[in-house]
Amino acid sequence: MTQQNAEPTVRPAHPQDPACGTAPHANAPTSPARRHWLKGMSLAAGSLLIPVTATWVGSPSARAAGANLVEINDWIRIDADGTTVLGLSQCEVGQGVYTGLPQVLADELDADWRRVRVEFVTARDAYRTAAANEALQQFVGASMSATLFYERLRVAGAQAREALVAVGAKRLGVRTSNCVTRDGRVIHPQSGRSIGYGELVADAAKQPLNPHPHLKNDAAHRLIGQSLARLDTPSKVDGSAIFGIDVKVPDMLVGAVRMAPTSGGAPRSVRNRDAIRARKGVHDVVLAKDAVIVVADDYWRAKTACDALDVEWKAGPAADSATILAERRAALVGGKAGVATDIGDATGVIAAGGKVVTSEYHTPYIVHATMEPVNATVHVRKDKGEIEVWGPIQGQDKVRWALGGIFKLPPEKVTVHTTFLGGSFGRKYVPDFVIHAAVASAAVGRPVKVIRSREDDIRHGFYRPCASARFQAALGSDGLPVALHMRVAGQSLYNVIKKDHFEKAGYDETMLDGLYDLAYAVPNLRVEGVDVPQPNIPVSFMRSVGSTSSVFFLESFIDEMAEVAGIDPVDYRKRMLRHDPLATRVIETTFASAGWQRKAKPDVHRGFGYCTYTGRGTAFSTYVAVAVELRVVNDRFKIERVVCGVDCGRAINPNLIRANIEGGIGFALTNTFKSRITFADGGVAQSNFGDYPLLYLVEMPKIETVILPSDRPPQGCGEVSLPPMAPAVAQAIRRATGVRARTMPLPQTVAEARALVHAGTPGATPVPGAA
């Protein structure tokens, strides 16, 4: 387990504060540790060390203590004074793994939680996982960290504990079976003697590791299941936490990026290149494949010079939102579809007539819009045949593969140092911003930190694909669907998943999240996906991936079928899920916790949504329901209260689960009411938060999270509260106005809702579409 270094500096003045989680006060004094953090430590070492507390950073004795750390396994190092450093392979992007995963490791180790530090680690197979259809790699995504690392970290902690006990028992002259461990000590209860881990670690490191150590039973856990305070909060409050935008390494320059006005555009030449190079503090003007990068002494010089560039651009293919929507709508009735699920004879039953419900839905492209724009610091050392990267990296191996391929180096010659991420939601998995920094560094022969402006970050992001859907159902005599045909059309994500898997399957499974593996019982079911390529528009993973569209389609349609059948929509879901007791339990608990057994007040309008969120490759199943209460205030829709019930397996840290649920609901409400990327004249129309607004704090509802007890292993929870929110809100709007909105973003006022119908907006009707 190597230790990476970067010499951080005071956070530069920048229009976007990159902090995620709890932001520092604008007038808070900068900690001296921020300027001197890790000074004197060798840059040849391996992982950027982020302290648990600023007191450790600021203490000279604490800084010196790391010199005697002894490694027991890939995850654990212990100093002679008992300080325990726990490795964290998963980047901390606000989801809480900086606390939750070390909590698991420390519990099985029986470490003294008060003396634990956390360190980002990288470049070993122990830190890699296999996502569905992708190669083994180190990355964070798909809400799989707790699921995939829970058992792995328990084993690592237990291995180290057994090795320490073996040495401790020998020192004490007793049997290992007569020893216990607690708070970083091996204890012999009969005699009252004990020895600290720090005294034992040198010999324990020489012990062979048991591949199948004895794991604690649940009752013996003292940390797992506890609502421990987050370890990263203090450093984020006092300003000592290091985000990518904060990194400073010796001899570093700073680059600003100018990208094409159209998607897919490329620079042909810079007409005033010599004049820009001649500016004070400017070192070079570098042409990348898709951008021009000005490298200067600092960001201000680089950015002002970048704004003055006179670039001749090769335009990308034309992109127009109206045309893209028309193509999707055409694909819903005539496109070549890949069939993901075909049970019974759905199309035949529907064609036979009866009570048939038909609806069409649409969602737009949206962008991640992270608080910290994409940035990276890279040093390409051509003479040594190696590359060093510092930054907010969500996919470490993705960076190694990309830069190794570009510079003809083995991936192991690319060292990646992970910092905190000021938001990502999937964006910082794609290494385009790292490539820009690498190209700039190679050109000037020095480390370069490249920061993309907010405008270019939005106009040249990797977007969540837009999608359209056409659902048809035949209802039986009981009002429940006897046949269901679901067709979704949109741009596939096969550029970031394995293309051969997409071609073999014939459809993009992310486009059909929650549909092809439908949780609801339907005897005749056909699910189809149609790829509508847009080669000039880059798309990638985004928080909840395809579920933010597909579950909006599905749950909205459930509400429409319930309305046609004359059945309460919550009861309708329970009837369709009666085969699944875990799903039923979540729905009933959420309904009861919201107090919905009582009639709503006249000015309160309710909406309900449900989702069985299945992790990639069926890695986990999380059951989640939301009960939404909406009021109309001065013609505007105000979401006042959301009750979210969730079964995400055993809770490692309930505080972290609540934070993920609450953050997901806020993220979902932004998408529900505000988010939309549109294309015109080949480029993105939006550029900053003025025309791509986020949810304001005052718009955040009261959220009550109900965590259901579970004996299942920990399941994912980072993305699960997003999908059911939009359909629940749409149902509440329906009850408030009589208008069924089927296109996101949803209207924010009563006037906007009624205008949708009058304007003939696709997917907006005053009554459900029934034949």
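Residues numbered from 1 in each chain as written. Predicted model: local features only at pLDDT ≥ 70, side-chain atom pairs only at ≥ 80, totals over all residues. Heavy atoms only, no water.

### A word on the packing of helix α16 (residues 547–565) against helix α20 (residues 725–737)
Contact pair α16 / α20: the axes reach a minimum separation of 8 Å and the direction vectors enclose 35°. In terms of crossing hand, the pair formed by α16 and α20 is right-handed. When α16 is examined against α20, the residues Val551, Phe552, Glu555, Ser556, Asp559 and Glu563 are found in contact with a partner set consisting of Ala726, Pro727, Ala730, Gln731 and Arg734. For the contact of α16 with α20, the class distribution of residues is 5 nonpolar, 2 polar and 4 charged. (Axes fitted to C-alpha atoms, helices over the stretch in contact; angles between N-to-C directions. Helix = DSSP H or I, 4+ residues; strand = E, 2+ residues; numbered from the N terminus. Left-handed = near helix turned anticlockwise from the far one by under 90°. Contact = heavy atoms within 4.5 Å. Nonpolar A, V, L, I, M, F, W, Y, C, P; charged D, E, K, R; others polar.)

### Thoughts on the sheet that holds strand β22 (residues 481–490)
Sheet architecture is open: 5 strands sit in the order β15-β23-β22-β21-β16, paired in mixed fashion. Looking at strand neighbours, the two that pair on one side only are β15 (338–343) and β16 (355–363), the edges of this open sheet. Shown here is a sheet whose adjacent strand axes are inclined to one another by a mean of 10°, direction ignored. Here β15 pairs with strand β23 (residues 524–531) via 5 bridges, running antiparallel. Bridge pairing in β23 links Thr341 to Val527. (Pairing = 2+ DSSP bridges.)

### Points about helix α19 (residues 654–673)
The end-to-end C-alpha distance of α19 is 29 Å, a good match for the 28 Å that 20 residues give at a rise of 1.5 Å each. Among the 20 residues in α19, 15 count as buried, and that is most of the element. For α19, the N-terminal cap is Asn653; the gap from its side-chain oxygen to the backbone nitrogen of Asn655 is 3.0 Å. (Expected span 1.5 Å × (residues − 1). Buried < 20%, exposed > 50% of the residue type's maximum accessible area, 1.4 Å probe, protein only. Polar contact = N/O pair within 3.5 Å; in protein donor to acceptor, adjacent residues only side chain to side chain.)

### What about the pattern of salt bridges?
Within this structure, the stated rule accounts for 49 salt bridges. The partner of Arg124 in a salt bridge is Asp74, and the shortest N-O contact between them spans 2.7 Å. Of the two residues, Arg124 is situated in the loop between β4 (116–120) and β5 (129–130) and Asp74 in the loop between β1 (70–73) and β2 (76–78); the sequence distance between them amounts to 50 residues. Overall, the relative accessible area of 24% leaves Arg124 in the partly exposed class. Note that Arg631 is salt-bridged to Asp603, the shortest N-O span being 3.0 Å. You can see Arg631 sitting in strand β25 (residues 621–633) and its partner Asp603 sitting in the loop between α18 (581–593) and β24 (605–614), a full 28 residues away along the chain. Accessibility expressed as a relative area gives 36% for Asp603, which makes it partly exposed. One salt-bridge network, held together by shared partners, links Asp107, Asp110, Asp183, Lys216 and Arg222. (Salt bridge = Lys/Arg side-chain N within 4 Å of Asp/Glu carboxyl O.)

### Some details on the packing of aromatic side chains
Describing an aromatic ring pair means giving the distance of the ring centres and the angle of the ring planes. Evaluation of the coordinates by the stated rule reveals 22 aromatic pairs. With a centroid separation of 5.5 Å and 80° between ring planes, the pair formed by Phe471 and Phe557 is classed as edge-to-face. Taken together, the residues span a long stretch of sequence, with Phe471 in strand β21 (residues 467–475) and Phe557 in helix α16 at a distance of 86 residues. Accessibility classification places Phe471 together with Phe557 in one group, the buried group. (Phe/Tyr/Trp six-rings, centres within 6.5 Å; stacked < 30°, edge-to-face > 60°.)

### Focus: the sheet that holds strand β29 (residues 702–707)
Reading across from one edge, β24-β25-β26-β29 is the order of the 4 strands in this open sheet, with mixed pairing throughout. With partners counted over all chains shown, the strands left at the sheet margins are β24 and β29, one partner each. Averaged over all pairs of adjacent strands, the angle between strand axes in this sheet comes to 15°, irrespective of strand direction. Where strand β26 (residues 636–647) meets β29, 6 bridges bridge the pair, whose relative direction is parallel. By the bridge assignment for β29, Gly645 is matched with Val706. Set on the sheet, α20 makes contact with β24, β25 and β26; between it and β24 the angle comes to about 160°.

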